[in-house]
Amino acid sequence: MPAVRPSHLIERMPPARGRLTADAPIGPFTWFRVGGPAEVLFRPADEDDLASFLAALDPAVPVAVIGAGSNLIVRDGGVPGVVVRLARGFGTIAVEADGLIAGAAALDVTVAETAAAAGLEGLAFLSGIPGSVGGAVAMNAGAYGVEVKDVLDWAEVVTRDGARVRLEAAALAFAYRSARLPPGAVVTRARFRARPGDRATIAAEMARIRAAREATQPTRARTGGSTFKNPEGARAWELIDAAGCRGLRRGQAQVSEKHCNFLLNLGGATAAEIEGLGEEVRRRVHAATGVALEWEIRRIGIPAGGLAEVAR
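Treat the numbers as computed from the prediction; the structure is a model and nothing was measured. Starting from 1, residues in each chain are numbered consecutively following that chain's sequence as written. Where local features are concerned, this predicted model is filtered to residues with pLDDT of at least 70; where side-chain atom pairs are given and counted, the filter is 80 or more; whole-chain, interface and lining totals use all residues. Side-chain calculation: all heavy atoms of the structure are included, whereas hydrogens and water are not.

Turning our eyes to something else, we now look at the nonpolar core. By nonpolar core we mean a set of buried residues, namely Ala, Val, Leu, Ile, Met, Phe, Trp, Tyr and Cys, connected to one another through side-chain atoms within 4.5 Å. For the exposure calls, accessible area comes from a 1.4 Å probe over protein chains only, and a residue counts as buried if that area is under 20% of its type's maximum, exposed if over 50%, partly exposed in between. Leu-50, Val-82, Leu-123, Val-137, Leu-152 and Phe-192 are the most contacted members of the largest nonpolar core, which has 54 residues in total. Contacts are assigned to residue pairs that have any heavy atoms within 4.5 Å of one another. Contacts of Leu-152, omitting those with residues within four sequence positions, involve Val-137, Ala-169, Leu-172, Phe-174, Ala-190, Arg-191, Phe-192 and Arg-193. Cys-245, Ala-253, Ala-271 and Ile-297 belong to the second largest nonpolar core, which has 23 residues in total.

Right, here's the structure in full:
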């Protein structure tokens, strides 16, 4: 009697107008360019498609969301369940007199450039944040003394059960690199406050931020942005440097010599090498200073060797 072929998760997916792909490579979507496949990748056509899909999806199926992939490690064993990636239907930006509304897939730098072109000031800091609006809201991203919490009016989300909710900024309980979203919620768009300003002054501020990033960060490398949160009263890069980790390597992963709170893929690194290098940095910093660094980079999926490998 022939063996029964086990069904793939994709065969149990609800209907959708967007694209559903089985065993889809998602590492190439990340700035590190590493990691295993998504069991199912879902690219919704629009917010209605996302809401109806999540409403019908088995609650037992895990869901992860990825955006620009700039602050993300996808582990080598891939990501079980459904990975949602917002794309074209979520990238619009609408300019208003005192701010703008941006879709979750809109890049932060594009939001900053759109505001500048409209003569709106207060959002130039977004040009210094690699990533997209959804991630910026979810982690209260910040740069050059300003954070999302300082300019956000509201964010709209689709919850894990498919409900669409608008959350005022106060409801998000923003803290350093965190926001309190409903469990499993997907940010779909957000409104940022701004004010009319002088276009030349705004352009100069954007140029200053761009020059500062180029001078201090490995912007042209395969990296994941800032790796660890700054501990209270300290700077992560200074602690890493003091612990002798500048330039430290594991396989093809390296601590940046230009800015040592950045990890680099030198060209052939695995996710395990990058994450393992980060854990070695944490170990050395703790041994040298007593400070336990917290990851700022988000890590999803399972290692190639299974979940036990994460605890090593």
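With that settled, the discussion passes to the sheet that holds strand β5 (residues 79-85). The pairing of strands in a sheet happens through backbone hydrogen bonds and is either parallel or antiparallel. By this definition, two strands are paired if DSSP reports at least two bridges between them. Strands here mean DSSP runs of E at least two residues long; helices mean DSSP runs of H or I at least four residues long; both are numbered from the N terminus. With respect to topology, four strands assemble into an open sheet ordered β1-β2-β5-β3, the strand pairing being mixed. Two strands close off the open sheet at either side, each with one partner strand: β1 (19-25) and β3 (63-66). For this sheet the average axis-to-axis angle between neighbouring strands, irrespective of direction, equals 30°. Bridge count for β1 against strand β2 (residues 37-43) is six bridges, and the pairing is antiparallel. Each residue of the ladder has a partner; that of Ala-22, found in β2, is Val-40. Lying over the sheet, helix α1 (residues 47-56) contacts β1, β2, β3 and β5, oriented at roughly 130° with respect to β2. Every axis in this analysis is a line fitted to C-alpha atoms, fitted for helices over the stretch in contact. Angles between the N-to-C directions lie between 0 and 180 degrees.

What follows is about the side chain of Ser-256. Examined against the element boundaries, Ser-256 turns out to sit in the loop between β17 (253-255) and β18 (263-265). A polar contact is formed between the side chain of Ser-256 and the backbone nitrogen of His-259, at a distance of 3.1 Å. When residues no more than four places from it in sequence are discounted, the contact partners of Ser-256 are Pro-218, Arg-246, Gly-247, Phe-262 and Leu-264. Here a polar contact is recorded for every N or O atom pair within 3.5 Å, except that within protein the pair must consist of a potential hydrogen donor and a potential acceptor, and residues adjacent in sequence are included only if both atoms are side-chain atoms.

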